[in-house]
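A closer look at the structure
Each chain, letter by letter, is given below.
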Amino acid sequence: MSTPLIVLVGPMGVGKSTVGQLLAERLGTRYRDTDEDIVSAQGRTIAEIFVDEGEPAFRDLEKRAVHTALAEHDGVLALGGGAILDADTRGLLAGQRVVYLSMDVEEAVKRTGLNAARPLLAVNPRRQWRELMEARRHLYEEVATVVVATDGRTPEQVTQAALDALEMTVIPGGQPPDPRPEDAVVNDVTRIQVGGTAGSDPYEVLVGRQLLGELGGLIGPKAKRVAVIHPEALAETGDALRADLAEQGYEAIAIQVPNAEEAKTAEVAAYCWKALGQSGFTRTDVIVGVGGGASTDLAGFVAATWLRGVRWIAVPTTVLAMVDAAVGGKTGINTAEGKNLVGAFHPPAGVLCDLAALDSLPVNDYVSGLAEVIKAGFIADPVILDLIESDPQAARTPAGPHTAELIVRSIKVKAEVVSSDLKEAGLREILNYGHTLGHAIEKNERYKWRHGAAVAVGMHFAAELGRLAGRLDDATADRHRSILEAVGLPLHYRYDQWPKLVENMKVDKKSRGDLLRFIVLDGLAKPTVLEGPDPAVLLAAYGEVGE
């Protein structure tokens, strides 16, 4: 029977995995994690075990895994956050060299964020964390040989503090392993500046994981009330944000709206206005829009129109919302006559793109969002296309190696454009590549089609139109078809609907009078405007799209 050199205990998200691997490297020994043992043996994530069988069943699996590891492992061993709840386990830890990694509530919330993989923090992170710590802190302290605080420290500093407290000698040389992103003490956050224009302030788009702790700072001290506008599908997330903000001292309300495009109506906006009025919302208060592109469009429009404009923050939870709808300040609702015909330019005070929210996104919704990413590649940043083409199947999932880079690059494209043209007076029109026909298809389908699917067909059409108009080379036009098809986006729409689509396009926002205007390419990353093309050329281009 072996005895671990060091046993790490502490709450979820404290960094046991990262610090444990560093300790093992420094001490020249092996690292083991009982949570990983359970996942490997069960073939399921811990969150799935919680959902499928409940916490008691998981605790039984955990107890057996911990007792086995304590008997077998002679290196650094990390235990799951709740392992010390079991009295027999605490008895086995007596006499062991146990390090308790601690952190306070505020730090914990910053590290946990909107990640559904942490099943015990699925509703109200701040309150849940406090309750968990009140129940467990004395147990951590009971089994601990030393306590090492992690607040404000890097993984390397925590590792050194543990070694110093245990008075242990390190093995020279070696490289520390990469930390697991979901359990790292310090999270990487990309901050993208969106410049202000006349009448608007600059703001930041944050991209990373575990960003919930940033929300309070964006809301700021002047606000007394916060309204969280969320779709029905994200009822738990919306209420979690509301409860968390209430814990921070804000008068917080949650306003639930319909899912997807059904939220973008005058009736739903009026419902939101009524809720704000009944809550006594003033000009210093703040709206938080959480959800997909339709939810953030609506939340921004409500913010723009309440008291002629109050501050708002976007928390997009889909690819489409992150790279398009939540960035740039275009807000709006639909009418029977068309999409986004009623709206306002009202930039947010900040945008939080927590990539953890994408982990549970249905594959069709995820792929739909890729249409806007691909668009950014064609109009401005061809590296996006190269990354997708290198592994199209990997691009279809948030677990792909380039997910963060694809989203950051797409946001940067939009940020650069809208910073120089907030109100679509010129350059910003290029962001509508593929959207003229795309919006017409959406309207024709009564918004039952996913936005990205319609835009994909629209880009295929725009590529063929550019080719037939003598603007675009064959290779780049063909590349549209190949890359859209490779990730599973549609290329075709019904041929017999062309007359209806033409009528729909006449009320597009880019039209001038009866003159149709399209964004086409003069070449890769060279967008331009094509005004009043010959109807015969339009029909011929649609002939390549229709089926």
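Structure: above.
These numbers were taken from a predicted model, which means no experiment stands behind them.

Right, let's talk about the pairing of strand E4 (residues 98–102) for a bit. With respect to burial, E4 is a largely interior element, five of its five residues being buried. Residue alternation in E4 divides its side chains into two sets, Val 98, Tyr 100 and Ser 102 and Val 99 and Leu 101, and both sets are buried. Note: E4 against strand E5 (residues 146–149), four bridges, orientation parallel. Of the residues in E5, the one forming a bridge with Ser 102 is Ala 149.

This next bit is on the sheet that holds strand E1 (residues 6–9). Taken in spatial order, the five strands make up an open sheet running E2-E3-E1-E4-E5, and their pairing is parallel. Taken across any chain shown, the strands that pair with only one partner, and hence form the sheet edges, are strand E2 (31–33) and E5. Neighbour to neighbour, the strand axes of the sheet diverge by 25 degrees on average, direction disregarded. Direction of pairing for E1 relative to E4: parallel, over a ladder of three bridges. Looking at the pairing, Val 9 lines up with Tyr 100 of E4. Sheet strands in contact with helix H2 (residues 34–42) are E2 and strand E3 (76–78), and its direction is about 65 degrees off that of E2. Set on the sheet, helix H8 (residues 155–166) makes contact with E1, E4 and E5; between it and E5 the angle comes to about 155 degrees.

Right, let's get into unusual backbone geometry. Positive phi is not limited to glycine here, since Ala 260 has a value of about 55 degrees. Residue placement: Ala 260 occurs in the loop between strand E9 (251–257) and helix H11 (266–278). Backbone geometry places Leu 307, a non-glycine residue, at a positive phi of 55 degrees. Within the element layout of this structure, Leu 307 appears in the loop between helix H12 (293–305) and strand E11 (311–316).

Before going further, it helps to examine the packing of aromatic side chains. Counting across every chain of the model gives eight aromatic pairs. Arranged with centres 6.2 Å apart and planes meeting at 25 degrees, the rings of Tyr 495 and Tyr 542 form a pair that is stacked. Here Tyr 495, found in the loop between helix H20 (474–486) and helix H21 (498–505), pairs with Tyr 542, found in helix H22 (residues 535–545); they are 47 residues apart in sequence, far enough to count as distant. Residue Tyr 495 is classed as partly exposed on the basis of its relative accessible area of 42%. Take Tyr 542: its relative accessible area is 0%, and that puts it in the buried class.

Cut-off values and rules
Residues numbered from 1 in each chain as written. Predicted model: local features only at pLDDT ≥ 70, side-chain atom pairs only at ≥ 80, totals over all residues. Heavy atoms only, no water. Buried < 20%, exposed > 50% of the residue type's maximum accessible area, 1.4 Å probe, protein only. Helix = DSSP H or I, 4+ residues; strand = E, 2+ residues; numbered from the N terminus. Pairing = 2+ DSSP bridges. Axes fitted to C-alpha atoms, helices over the stretch in contact; angles between N-to-C directions. Contact = heavy atoms within 4.5 Å. Phe/Tyr/Trp six-rings, centres within 6.5 Å; stacked < 30°, edge-to-face > 60°.

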